[in-house]
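Overview (structure and organization)
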Amino acid sequence: MIILGEDSQRTQGKDAQSMNISAGQAVAESVRTTLGPKGMDKMLVDSGGSVVVTNDGVTILGEMDIDHPAANMIVEVSETQEDEVADGTTTAVVVAGELLDQAEELIDQDVHATTIAQGYRQAAEKAKEILEENAIEVSEDDRDTLVKIAETAMTGKGAESSKDLLAELVVDAVLAVRDDAGIDIDNVSVEKVVGGSIDNSELVEGVIVDKERVHENMPFGVEDANVALFDGALEVRETEIDAEVNVTDPDQLQQFLDQEEKQLKEMVDQLVDVGADVVFVGDGIDDMAQHYLAKEGILAVRRAKSSDLTRLARATGGNVVGSLDDVEADDLGFAGSVAQKDIGGDERIFVEDVEDAKSVTLILRGGTDHVVDELERAIDDSLGVVQTTLEDGRVLPGGGASETELSMELGEFASSVGGREQLAIEAFTEALDVIPRTLAENAGLDPIESLVNLRKEHADGDFAAGLDAYTGEIVNMEDDGVVEPLRVKTQAIESATEAAVMILRIDDVIAAGDLKGGGSDDDGDDAGAPGGGMGGGMGGGMGGMGGMGGAM
């Protein structure tokens, strides 16, 4: 009985598991060399010739055109990690790949995938308990620790050379936008400027709007400005239905024009009456309205984005109004300075010197587009971890310290579990060793020696002992200020475990077309068996993942 179409492909049992495990491992290997302060960068070139140079895990995986469904499950791990905590994406993916690698050995020993999954879940729960018990409390007033956390997130990225300055800016930005509702990083706007050096980057306590004044006779700047925010148009509204007006006399046409001009003048007068010195308009501004605004000395900006109006409202304390008839003096915001300035060859409107900036702007400078793009990715990670730390108030030492401690404590836990699940928990502990081992490898150190020395320090009771990738020594990471939020670690373990378990539980893959994407051989047979067909499945091997041929 033929159930599937002739183009369909079905892979079952260990072949299916092996194929999916290989796909997950391939994705993990693609980002493994980027881990840690000595991690290398990847150059990704798309079909249009656009180039991205980065060592940010989620960016690398997002840029690669991956077709294999199991591989995409691992990519989702990095995306989840990025969405939840903004950092630790490479760690999560590498751990997921290693969990699959360890599971493959158990499957070869006839340990059932369900047993492995159960053991992995038990190990992950115990790991989170251990991390929470050992987490270090951080007060929101402990600025030095917050700066160290921001620096740790930047280490190994393009921002590292100026991380002292940038970390201070990041902490200032996050603390500035904090309010009773919490911390919304969307209120920290990042403006990239090509030109100058990274050290020229600065924090503007206010908003920069990528617009210019609409009329040349308007002032370039206004001091002690009352700011009106209008989400509408300074134009005469058109009728909502088609209408035809017959003009039989030139005077009638003039009356129409005079009436339109009068309406525009009244709109401007409404702004003048409430005391507005600057107006940001969400839609267009009629030429005649521009003339009257300039005549009154009001600086106006048109077609401001809704997000800009919202940020301006938070920064100046004003309200966004939808109708000029409703605008009152209480709706106006205040800024000590609103001015059009040149930045990197572009004219933009700076709204600054506000009383309590709940919306701020980070200006990032760099010599090339690639530099500022990578700088922005590092800053995004840094903003996210500082936000997470302030929300949770708990951190863990970095440098492989947490993973080493987990590996040792979970080894003892495995003995207490017994049964075949013990084998899976032991495999989980070995998988966690991949983090300190990879940190050592990427730093050019002996991974075995580093791991042995790490375990010795932890056996002596030093939970914070981690690997200094620059010196190769085992040091106290807490004392060195190399710390990261607790949630970064717990989320990485949780996401990696769930993805690995999901892949392991798949024993039948039914595809409508050629899963491997490698075409057929000369005899018309599928190009490669499932277990060995991952070269085709990942776009011709890791060197050509989805058309990123020279990228890796």
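An unreviewed UniProt entry annotates the protein chain as TCP-1/cpn60 chaperonin family protein originating from Halobellus ruber. Here is the UniProt Sequence similarities (unreviewed entry) comment for the protein chain, exactly as written: "Belongs to the TCP-1 chaperonin family."

A few points about the pattern of salt bridges
Taken as a whole and assessed by the stated rule, the structure comprises 27 salt bridges. Close ionic contact of Lys 128 with Glu 125 constitutes a salt bridge, the shortest N to O distance being 3.4 Å. Taken together, the residues Lys 128 and Glu 125, both in helix 5 (residues 113-134) and three residues apart, mark about one turn of the helix. Note on Lys 128: relative accessible area 15%, which makes it buried. Between Glu 494 and Lys 128 there is a salt bridge whose closest N-O contact spans 2.9 Å. With Glu 494 in helix 17 (residues 486-504) and Lys 128 in helix 5, this residue pair connects regions lying 366 residues apart in the sequence.

Some remarks on the environment of Asp 286
Checked against the element boundaries, Asp 286 lands in the loop between strand 9 (278-281) and helix 9 (287-295). For the pair Asp 286 and Leu 234, spaced 52 residues apart in sequence, the C-alpha to C-alpha distance is 6.1 Å. Beyond its immediate chain neighbours, meaning those up to four positions away, Asp 286 contacts Leu 234, Glu 235 and Leu 264.

Concerning unusual backbone geometry
The backbone of Asp 110 sits at a positive phi, close to 65 degrees, despite the residue not being glycine. Within the secondary structure layout, Asp 110 lies in the loop between helix 4 (89-108) and helix 5. In this model, Asp 353 sits at a positive phi of 55 degrees, which is unusual for a non-glycine residue. With respect to the helices and strands, Asp 353 occurs in the loop between strand 13 (346-352) and strand 14 (360-366).

Section: the environment of Gln 9
Structurally, Gln 9 is set in strand 1 (residues 9-12). Residues Gln 9 and Ala 511, spaced 502 residues apart in sequence, show a C-alpha to C-alpha distance of 5.1 Å.

Digging into the packing of aromatic side chains
Scanning the model with the defined rule gives one aromatic pair in all. An angle of 70 degrees between the planes, with centres 5.8 Å apart, marks the rings of Tyr 120 and Phe 428 as edge-to-face. Of the two residues, Tyr 120 is situated in helix 5 and Phe 428 in helix 13 (residues 419-432); the sequence distance between them amounts to 308 residues. Relative accessible area serves as the criterion here: at 0%, Tyr 120 is assigned to the buried category. Judged by its relative accessible area of 1%, Phe 428 falls in the buried class. Lying over the aromatic face of Phe 220, Arg 213 brings its terminal NZ or CZ to 3.6 Å of the ring centre. Between the NZ or CZ atom of Lys 341 and the centre of the ring of Phe 350, over which it lies, the distance is 5.1 Å.

Looking at the environment of Gly 318
Locating Gly 318 in the fold gives a position in the loop between helix 10 (306-316) and strand 11 (320-321). Sequence separation between Gly 318 and Gly 333 is 15 residues; the distance between their C-alpha atoms is 3.6 Å. Residues within four places of Gly 318 in sequence aside, it is in contact with Leu 229, Ala 313, Asp 331, Leu 332 and Gly 333.

Observations regarding the sheet that holds strand 15 (residues 394-397)
Pairing within the open sheet is antiparallel, and its three strands lie in the order 4-15-18. Each edge of the sheet is formed by a strand with only one pairing partner; in this case those strands are strand 4 (136-137) and strand 18 (483-485). Here strand 15 runs beside strand 18; their pairing, made up of three bridges, is antiparallel. The partner of Pro 397 across the bridge, within strand 18, is Val 483.

Description of the packing of helix 5 against helix 17
Contact pair helix 5 / helix 17: the axes reach a minimum separation of 10 Å and the direction vectors enclose 175 degrees. The angle between helix 5 and helix 17 places the two elements in the roughly antiparallel class. On the side of helix 5, the interface is formed by Ala 113, Ile 116, Ala 117, Tyr 120, Arg 121, Ala 124, Ala 127, Lys 128, Leu 131 and Glu 132, while helix 17 contributes Leu 486, Lys 489, Thr 490, Ile 493, Glu 494, Thr 497, Glu 498, Val 501 and Leu 504. Tallied by class, the residues present in the contact of helix 5 with helix 17 amount to eleven nonpolar, two polar and six charged.

Things to note about the nonpolar core
Among the nonpolar cores identified, the biggest contains 64 residues, and Ile 116, Tyr 120 and Phe 428 are the most heavily contacted of them. If one sorts the elements of this core by residue count, helix 4 sits on top with ten residues. If near-sequence neighbours (up to four positions away) are discounted, Phe 428 is found in contact with Leu 99, Tyr 120, Ala 123, Ala 124, Leu 410, Ile 493 and Thr 497. With 59 residues, the next largest nonpolar core counts Ala 153, Ala 173, Val 386 and Val 395 among its residues.

What about a negative patch on the surface?
On the surface, Glu 76, Glu 79, Asp 83 and Glu 84 cluster together into a patch of negative charge. We classify Glu 76 as partly exposed; its relative accessible area is 46%.

Section: helix 9
Where helix 9 is concerned, the buried positions are Ala 289, Gln 290, Tyr 292, Leu 293 and Ala 294. Sitting at the head of helix 9, Asp 286 places a side-chain oxygen 2.8 Å from the backbone nitrogen of Met 288. In the stretch just after helix 9, Gly 297 is the one whose phi turns positive, near 75 degrees.

A short note on the pairing of strand 8 (residues 221-230)
Summarising the sheet, strand 8 and strand 12 (residues 333-343) pair through six bridges and their orientation is antiparallel. In the sheet register, Val 227 faces strand 12, and the bridge partner there is Gly 333. Alignment of strand 8 against strand 9, held across four bridges, turns out to be parallel. Within strand 9, the position partnered with Ala 228 by the bridge is Val 279. Here strand 8 runs beside strand 11; their pairing, made up of two bridges, is parallel. When the sheet's bridge partners are listed, Phe 230 is paired in strand 11 with Val 321.

Conventions used here
- Residues numbered from 1 in each chain as written.
- Predicted model: local features only at pLDDT ≥ 70, side-chain atom pairs only at ≥ 80, totals over all residues.
- Heavy atoms only, no water.
- UniProt positions renumbered as here; feature names shortened; annotations may be inferred.
- Salt bridge = Lys/Arg side-chain N within 4 Å of Asp/Glu carboxyl O.
- Helix = DSSP H or I, 4+ residues; strand = E, 2+ residues; numbered from the N terminus.
- Buried < 20%, exposed > 50% of the residue type's maximum accessible area, 1.4 Å probe, protein only.
- Contact = heavy atoms within 4.5 Å.
- Phe/Tyr/Trp six-rings, centres within 6.5 Å; stacked < 30°, edge-to-face > 60°.
- Lys NZ or Arg CZ within 6 Å of the ring centre and 35° of its normal.
- Pairing = 2+ DSSP bridges.
- Axes fitted to C-alpha atoms, helices over the stretch in contact; angles between N-to-C directions.
- Parallel < 35°, antiparallel > 145°, perpendicular 65-115°, else oblique.
- Nonpolar A, V, L, I, M, F, W, Y, C, P; charged D, E, K, R; others polar.
- Core = buried A, V, L, I, M, F, W, Y, C linked by side-chain atoms within 4.5 Å.
- Patch = residues over 30% accessible without salt bridge, like charges linked within 9 Å, V, L, I, M, F, W, Y side chains within 5 Å.
- Areas by Shrake-Rupley, 256 points an atom, 1.4 Å probe, with all protein chains shown as cover.
- Lys, Arg positive; Asp, Glu negative; His and termini not counted.
- Charge placed at Lys NZ, Arg CZ, Asp CG, Glu CD.
- Polar contact = N/O pair within 3.5 Å; in protein donor to acceptor, adjacent residues only side chain to side chain.

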